[in-house]
Amino acid sequence: MPKFIFVAGGVMSGIGKGVATASIGKILQSKGFKITAVKIDPYINVDAGTMNPIEHGEVFVTDDGVECDQDLGNYERFLDESLSTINYITTGRVYQAVINRERNLGYGGRCVEVVPDIPDEAIARILKSAKKNRADFVLIEIGGTVGEYQNMLFLEAARMMKIRYPGDVLFILVSYLPVPKMIGEMKTKPTQNAVRMLNEAGIQPDIILGRSSSLLDRPRKKKISIFCNVNIRDIISAPDIKSIYEVPINFEKENLGNRILKKFDLNSKKSNLEKWEKLVKVIKKKKKPIRIGIVGKYFETGKFTLMDSYISVIEAVKHAAWFYKKKPEIYWLSAGKFEKDSRFLKELKDYDGIIVPGGFGNRGVEGKIKAIQFCREEKIPFLGLCLGMQLAVIEFARNVCGLKKANSTEFSANCRIPVIDVMPEQKALLKEKKYGGTMRLGAYKCELKTGTKSWRAYGRNKITFERHRHRYELNNEFRNVLEDKGMIIAGINPEKDLVEIIELKKHPFFIGVQFHPEFKSRFLKPHPLFKEFIKASLH
Ligand code: GLN
């Protein structure tokens, strides 16, 4: 029987529950266990694909093409495992399945009710994920904060699982301990209240991870222990850190892994985090910086800069920079600024390399195209991801091939020179307003052209599989024109003859990819294209 560890959050959101979950997984994995992780999102949305990244953060994509919460990215980066649809649960998915079953008479004529049928469906999915991944431990992160109306049915599922499998279920609360400036002391009351609310849902936490600016001292731990009914050794500090990759190491300092094993009546085991620790040491050492600019639009929200929308891109840049023992410095460059005034473009010279990441819709597009032109002409290393690649094609068509009216039908539906266009089957979907989960999603084959930079980056492999999330494609009608003027088609999808990679000669690094390589970069395994991009940016 696999063991199930539920991770819930207390006090407030955004305190790193996903990283905590991934780190617990990492520790147990390093002790020799097979781990999988499930994220439960309390939204009605069936998946994250229809959500604006400014609101919900990045939409992560799995090999099997699920558009899901960015936490699955954290799990993959930490565990170095590829997850799938079964690792992602939303309220929408659960209700949809229950209602469909009811319509098919799957409940045999009985009354279908919120409790137990909704939690039961969630439990069935959790069990399925354990089976599919042959896991010893399944980590289940419940999104939101305890006390919210939205995630109650999932806490209910957790409670019901504990009744069914008493020795195999564990509850961990990740809670926040503020240190108010005017008091100057770490306060435990919000955590006490969070535990009380969890108790109201019928759940007693076995372990509490105390997120705060610093380590929890003895008096704080004692207080939480007494008021929350938790052994003092099961109250673990989770202080602010520079890099998320330090978290598993910090948890192990407080013996979290073996405390978990003990709760399941399993023998203590030594963890093997050697390679991990070595790289964390590299991160912490003083290093020369490498400056990467990201030209995007999903990071401005009011007075704040939001990095969550591009989290996988950021992590992929970091992984590759650390590989070369450099300190990654990432700068947010607003596409709108270049659009308004071309004089700002020369600022691009301040960076070692420029990335234009994925995106949707008109806003900022012309600014990004200007930035790409500048990178091409000034020989600044450039990596275009999905939309970034499409815009590089438009720029090349306009300014090198002389097709001044070149555009994508995404931005100009009736444009005369659609160098980027939708495939016919996508056109039909758009007409019927079938937007959710219908893009070209997940892993597709890419055949690399021998002798190209990309082929070399991939270790001279002929084939790679990369993850996609897009509706538009390079229009094959224009392939010859582009190639005649020197654009290299460095990768194609053989099944549908779609362009996957473009690159330019006589440039230190100019590559655009129709896929999202950032989704496959892992802490100990940087992605080959990001590695090559960083390498070029070093010069
Ligand atoms: N908007 C573009 C498309 O749908 C690019 C998508 C992306 O960058 N992920 O094809």
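Right above here is the structure, for reference.
Let us look at the structure shown here. This structure is a prediction, so every number in the text was calculated from the model and none was measured.

About the cut-offs
Residues numbered from 1 in each chain as written. Predicted model: local features only at pLDDT ≥ 70, side-chain atom pairs only at ≥ 80, totals over all residues. Heavy atoms only, no water. Helix = DSSP H or I, 4+ residues; strand = E, 2+ residues; numbered from the N terminus. Rg over C-alpha atoms; globule rule 2.2 N^0.38 Å. Contact = heavy atoms within 4.5 Å. Areas by Shrake-Rupley, 256 points an atom, 1.4 Å probe, with all protein chains shown as cover. 1 Å grid on protein atoms, 1.4 Å probe; cavity = no way out; pocket = protein on both sides within 12 Å on 5 of 7 lines; lining within 4 Å. Points joined across faces, edges and corners; volume = space filled by probe spheres on them. Nonpolar A, V, L, I, M, F, W, Y, C, P; charged D, E, K, R; others polar. Phe/Tyr/Trp six-rings, centres within 6.5 Å; stacked < 30°, edge-to-face > 60°. Buried < 20%, exposed > 50% of the residue type's maximum accessible area, 1.4 Å probe, protein only. Lys NZ or Arg CZ within 6 Å of the ring centre and 35° of its normal. Lys, Arg positive; Asp, Glu negative; His and termini not counted. Salt bridge = Lys/Arg side-chain N within 4 Å of Asp/Glu carboxyl O. Polar contact = N/O pair within 3.5 Å; in protein donor to acceptor, adjacent residues only side chain to side chain. Pairing = 2+ DSSP bridges. Axes fitted to C-alpha atoms, helices over the stretch in contact; angles between N-to-C directions. Core = buried A, V, L, I, M, F, W, Y, C linked by side-chain atoms within 4.5 Å. Parallel < 35°, antiparallel > 145°, perpendicular 65-115°, else oblique. Left-handed = near helix turned anticlockwise from the far one by under 90°. Expected span 1.5 Å × (residues − 1). Near = heavy atom within 4 Å.

Let's shift gears to the overall build of the protein. Of the regular secondary structure elements, the protein holds 19 helices and 23 strands. For 539 residues, the compact-globule formula gives about 24 Å, and the C-alpha radius of gyration of the protein, at 25 Å, lands near that figure. Referenced to the eigenvectors of the C-alpha coordinate spread, the extents of the protein come out at roughly 75 × 65 × 45 Å. Long-range contacts, defined here as pairs at least 24 residues apart, represent 72% of the contacts in the protein between residues at least 6 apart. Summed over all atoms, the accessible surface of the protein reaches about 23500 Å², with 52% contributed by carbon and sulfur.

This paragraph deals with empty space enclosed by the protein. To locate leftover empty space, one rolls a probe as large as a water molecule over the atoms. The final tally for this structure, using the stated rule, is one cavity of 30 Å³ or more. In terms of lining, the largest cavity is formed by Phe6, Val7, Ala8, Ile142, Leu155, Ala158, Phe171, Ile172, Leu198 and Ile203. In terms of residue count, the dominant contributor to the lining of the largest cavity is strand E1 (residues 3-9) (three residues). For the lining of the largest cavity, the per-class residue count stands at 10 nonpolar, no polar and no charged.

Counted under the stated rule, the structure contains 17 aromatic pairs. With centroids separated by 5.8 Å and ring planes inclined at 90°, the aromatic side chains of Tyr245 and Trp322 adopt a geometry described as edge-to-face. Here Tyr245, found in the loop between strand E9 (235-239) and helix H9 (247-253), pairs with Trp322, found in helix H12 (residues 311-323); they are 77 residues apart in sequence, far enough to count as distant. Note on accessibility: Tyr245 and Trp322 belong to one class, buried. If you follow Lys269 out to its NZ or CZ, it ends over the ring of Phe33, 4.6 Å from the centre. In this structure, Lys531 packs its charged tip against the face of Phe323, placed 4.3 Å from the ring centre.

The subject of this paragraph is the side chain of Arg471. For Arg471, the location among the structural elements is in the loop between strand E19 (463-470) and strand E20 (472-474). Put simply, Arg471 is tucked away with no salt bridge, and the nearest opposite charge, on Glu67, sits 7.0 Å away. Separated by 2.9 Å, the side chains of Arg471 and Thr438 make a polar contact. For Arg471, the contacting residues outside a window of four places in its chain are Val422, Met423, Gln426, Leu430, Lys434, Tyr435, Thr438 and Met439.

This paragraph deals with the sheet that holds strand E16 (residues 406-408). Pairing in this open sheet of three strands is mixed, and the strands run E16-E17-E20 from one edge to the other. For this open sheet the edge positions go to E16 and E20, each flanked by a neighbour on one side alone. Geometrically, the sheet is characterised by an average inter-axis angle of 30° between neighbouring strands, direction not taken into account. Sheet topology places strand E17 (residues 417-422) next to E20; three bridges connect them, and they run antiparallel. Its bridge partner lying in E20, Asp421 is registered against Glu473. Seen against the sheet, helix H16 (residues 424-431) touches E17 and E20 and runs at an angle of roughly 70° to E17.

On to the nonpolar core, then. Grouped together as the largest cluster of nonpolar side chains are 51 residues, with contacts concentrated most on Ile5, Ile24, Ile172, Leu209, Phe251, Leu256 and Ile260. Element by element, the count of residues in this core is highest for helix H1 (residues 17-30), at six residues. Residues contacting Ile260, with those up to four places away along its chain left out, are Ile5, Ile24, Leu28, Leu170, Ile172 and Ile207. In this structure, Cys401, Ile417, Ile492 and Leu504 belong to the second largest nonpolar core, which totals 44 residues.

To continue, consider the packing of helix H14 (residues 365-378) against helix H15 (residues 387-399). Running from N to C, H14 and H15 cross one another at 70°; their axes reach a closest spacing of 9 Å. As judged from the angle between their axes, H14 and H15 are roughly perpendicular. For the element pair H14 and H15, the recorded crossing hand is right-handed. Between H14 and H15, the residues in contact are Val365, Glu366, Lys368, Ile369, Ile372, Gln373 and Arg376 and Leu387, Gly388, Leu391, Ala392, Ile394, Glu395, Phe396, Arg398 and Asn399, respectively. Classifying every residue of the contact of H14 with H15 gives eight nonpolar, three polar and five charged.

Within an α-helix, residues lying three or four positions from one another point in the same direction, as the helix has 3.6 residues per turn. The terminal C-alpha atoms of helix H6 (residues 152-164), which comprises 13 residues, lie 18 Å apart, in line with the 18 Å expected from a rise of 1.5 Å per residue. All buried positions along H6 are accounted for by Phe154, Leu155, Ala157, Ala158, Met160 and Met161.

This paragraph deals with the sheet that holds strand E18 (residues 440-448). Strand order in this open sheet of nine strands is E13-E10-E14-E15-E23-E22-E21-E18-E19, and the pairing throughout is mixed. On the outer flanks of this sheet lie strand E13 (327-334) and E19, each paired with one strand and no other. Along the sheet, successive strands turn relative to each other by an average axial angle of 25°, direction set aside. By the bridge criterion, three bridges tie strand E14 (residues 353-356) to strand E15 (residues 382-385) in an arrangement that is parallel. In the strand pairing of E15, Ile355 is matched with Leu383. Strand contacts of H15: E14, E15, E19, strand E21 (487-493), strand E22 (498-504) and strand E23 (510-513), with the helix running at about 115° to E15, the strand carrying the most contacts.

Bringing the packing of helix H4 (residues 91-103) against helix H5 (residues 114-132) into the picture now. Packing of H4 against H5 leaves a shortest axis separation of 10 Å and a crossing angle of 110°. Classified by the interaxial angle, the pair formed by H4 and H5 is roughly perpendicular. Considering how the two elements wind past one another, H4 and H5 form a crossing that is right-handed. Taking contact as the criterion, the partners of Arg93, Val94, Tyr95, Ala97, Val98 and Arg101 in H4 are, on H5, Val114, Asp117, Ile118, Glu121, Ala122 and Arg125. Counted by class, the contact of H4 with H5 contains seven nonpolar, no polar and five charged residues.

Right, let's get into unusual backbone geometry. With an omega dihedral of 10°, the bond running from Val115 to Pro116 counts as a cis peptide bond. In this model, Asp80 sits at a positive phi of 55°, which is unusual for a non-glycine residue. According to the relative accessible area criterion, Asp80 is partly exposed, its value standing at 32%. Backbone geometry at Arg134 places phi at a positive 45°, although glycine is not the residue there. Note on placement: Arg134 falls in the loop between H5 and strand E6 (137-142). The exposure class assigned to Arg134 is exposed, which follows from its relative accessible area of 71%.

Another aspect to go through is the site of the ligand. Residues in contact with the ligand, as listed here, are Gly358, Gly359, Phe360, Cys386, Leu387, Gln390, Glu410, Arg469, His470, Arg471, Tyr472 and His516. Between the ligand and the protein, one listed contact pairs an oxygen atom with a backbone N or O atom of Arg471 at 3.0 Å. Contact with the protein chains covers 98% of the free accessible surface of the ligand, which is 300 Å². Of all the secondary-structure elements, those providing two or more residues to the shell around the ligand are H15 and E19. Within the shell around the ligand, the residues separate by chemical class into four nonpolar, five polar and three charged.

Everything listed is a geometric property; what it means functionally is a separate question.
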